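Each chain, written out:
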Amino acid sequence: MNVVLKVEDLTVCYGDRFKRAITAVNSVTFEISAGETVGILGESGCGKTSLASALLGLLPRGGFVQHGAASFRGTNLLALGERALQKIRGSGISLIHQDPSLALNPVRRVGEQIAEILIAHRGMRSKQARKESKSILAHVGFTADCDIDKAFPHQLSGGQKQRVVIAQAIACQPALLIADEPITALDAVVQVEIIELLRTLQKQLNLALILITHTPAILFPIAHRVLVMYAGRIIEQGPAHEVLGAPLHPYTRELLKCGLDVLSRESAVRPLASIPGEPPNLAALPMGCAFAPRCSDRMEVCEARAPAESHPEKSRDVWCFKYE
Ligand code: SF4
């Protein structure tokens, strides 16, 4: 296996480095290889975006990596300065944001915006970059006769904007693509098209793809492995067909019930399912299992201490006392 990214014991905090710090990502370890799609699944606030931001040195003010390592093709990203990281962003690792409108410059034609990336990262001359940007736009599904490269972002639909953002992301042939909730702002039909596009590009370009989402249904057609996060920790991981087809952790089971319910026809005429209770306050986590206050399988031990890693099946890791 050609490992592209290896993350070890990564812990990300917000707040004061020396006094009160809130842990948003807690001892996360995983790796991803070329040609592989890893889905990171969890509710908002579970640490998914902080994890991606930490890898790219894009944590917001107050965020910092407390410890851990993230090796991208042998280079520890967390030890790099801003200039070295800037070189890797775009050319080695690309990030697709949730809202394509925020990722595009509203006053520049989309072809120019892709050409700028090619000039900056691949050293192309202007004429060559403009020609190449047309070919990249064709690669993400725009036909040559629609002159999409001359359009401004406000002239495009949400799905077209997201295709342009994906074109920007693959422009420098990155080894790793991180898509952070890439379909959340789109309608259902376009969501399916964008996921299909990502799947096609991932295969054609042999990309390592990290797909961050709170919607399990979108992982079914695309993910090889799934990591489920809760309160900053991975609580279950394994092959996608096993985690999504036969979830073991009570949180994954609840998440799948809700996530699949969203896509069912019947859900349009009855209230949507939701997980009882609220996601935990990271500043005041319970002493034992963080999911205990919402878990219908809770036992006495769950409130006394946190569960350790268990391996109920050869390829699965689960953090729950039911499997210890
Ligand atoms: S450790 Fe206990 S509270 Fe936590 S998910 Fe498992 S059964 Fe539920």
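Quick look at the structure, then. Small disclaimer: the values here were computed from a predicted structure and weren't measured. (Residues numbered from 1 in each chain as written. Predicted model: local features only at pLDDT ≥ 70, side-chain atom pairs only at ≥ 80, totals over all residues. Heavy atoms only, no water.)

Let's shift gears to the sheet that holds strand E3 (residues 37-41). Spatial strand order, E6-E7-E8-E3-E9-E10-E11: 7 strands in an open sheet with mixed pairing. Two strands lie at the open edges of the sheet, namely strand E6 (93-96) and strand E11 (317-318), each paired on one side alone. As defined by bridge partners, E3 adjoins strand E9 (residues 225-230) across 4 bridges and the pair is classed as parallel. Across the sheet, the residue bridging to valine 38 is arginine 225, located in E9. In this fold helix H6 (residues 158-170) packs onto E6 and strand E7 (176-180), with an angle of close to 170° to the strand it touches most, E6. (Pairing = 2+ DSSP bridges. Helix = DSSP H or I, 4+ residues; strand = E, 2+ residues; numbered from the N terminus. Contact = heavy atoms within 4.5 Å. Axes fitted to C-alpha atoms, helices over the stretch in contact; angles between N-to-C directions.)

A few words on the sheet that holds strand E4 (residues 63-72). Spatial strand order, E2-E1-E4-E5: 4 strands in an open sheet with antiparallel pairing. The sheet terminates laterally at strand E2 (21-33) and strand E5 (75-76), the two strands that pair on one side only. In the sheet, strand E1 (residues 3-15) pairs with E4 via 8 bridges, with the strands oriented antiparallel. Note on E4: the bridge partner recorded for leucine 5 is phenylalanine 72. On the sheet, helix H1 (residues 48-55) packs against E1, E2 and E4 and is oriented at approximately 110° with respect to E1.

Turning our eyes to something else, we now look at the site of the ligand. Within the structure, the ligand sits among His249, Pro250, Cys289, Phe291, Ala292, Cys295, Asp297, Cys302, Cys320, Phe321 and Lys322. Class assignment of the residues belonging to the shell around the ligand gives a composition of 8 nonpolar, 1 polar and 2 charged. (Near = heavy atom within 4 Å. Nonpolar A, V, L, I, M, F, W, Y, C, P; charged D, E, K, R; others polar.)

Before going further, it helps to examine empty space enclosed by the protein. Counting across every chain of the model gives 1 cavity of 30 Å³ or more. If you add up the space inside the largest cavity, you get close to 90 Å³. Every residue lining the largest cavity is counted, 13 residues in all, and those nearest its centre are Pro250, Cys289, Cys295, Cys302 and Cys320. Grouping the constituent residues of the lining of the largest cavity by class yields 10 nonpolar, 1 polar and 2 charged. (1 Å grid on protein atoms, 1.4 Å probe; cavity = no way out; pocket = protein on both sides within 12 Å on 5 of 7 lines; lining within 4 Å. Points joined across faces, edges and corners; volume = space filled by probe spheres on them.)

Taken as a whole and judged by the stated rule, the model has 17 salt bridges. Between glutamate 116 and arginine 108 there is a salt bridge whose closest N-O contact spans 2.4 Å. Since its relative accessible area comes to 28%, arginine 108 is described here as partly exposed. (Salt bridge = Lys/Arg side-chain N within 4 Å of Asp/Glu carboxyl O. Buried < 20%, exposed > 50% of the residue type's maximum accessible area, 1.4 Å probe, protein only.)

Turning next to the packing of aromatic side chains. As enumerated under the stated definition, the model contains 3 aromatic pairs in all. Residues tyrosine 230 and phenylalanine 291 carry aromatic rings whose centres are separated by 5.2 Å and whose planes lie at 85° to one another, so their mutual orientation is edge-to-face. Taken together, the residues tyrosine 230 in strand E9 and phenylalanine 291 in the loop between helix H9 (250-263) and E11 connect sequence positions 61 residues apart. We classify phenylalanine 291 as buried; its relative accessible area is 2%. Their ring planes at 65° and their centres at 5.3 Å tell us that tyrosine 251 and phenylalanine 291 sit as a pair that is edge-to-face. On the criterion of sequence distance, the pair formed by tyrosine 251 in helix H9 and phenylalanine 291 in the loop between H9 and E11 is long-range, its members being 40 residues apart. Like phenylalanine 291, tyrosine 251 is buried. Of the aromatic side chains, those joined through ring pairs into one cluster are Tyr230, Tyr251 and Phe291. (Phe/Tyr/Trp six-rings, centres within 6.5 Å; stacked < 30°, edge-to-face > 60°.)

Attention shifts here to the pairing of E7. In regular strands, side chains alternate between the two faces of the sheet. The buried fraction of E7 is high, at 5 of 5 residues. Going residue by residue along E7, you find Leu176, Ile178 and Asp180 tucked away on one face and Leu177 and Ala179 tucked away on the opposite face as well. Summarising the sheet, E6 and E7 pair through 4 bridges and their orientation is parallel. Among the inter-strand pairings, isoleucine 93 is bridged to a residue of E7, identified as leucine 176. Sheet topology places E7 next to strand E8 (residues 208-213); 5 bridges connect them, and they run parallel. Within E8, the position partnered with aspartate 180 by the bridge is isoleucine 212. Remark: the E7/helix H7 (residues 188-205)/E8 crossover connection has right-handed handedness. (Right-handed = clockwise from strand over helix to strand, strands pointing away.)

That's the geometry; what it means functionally is another story.
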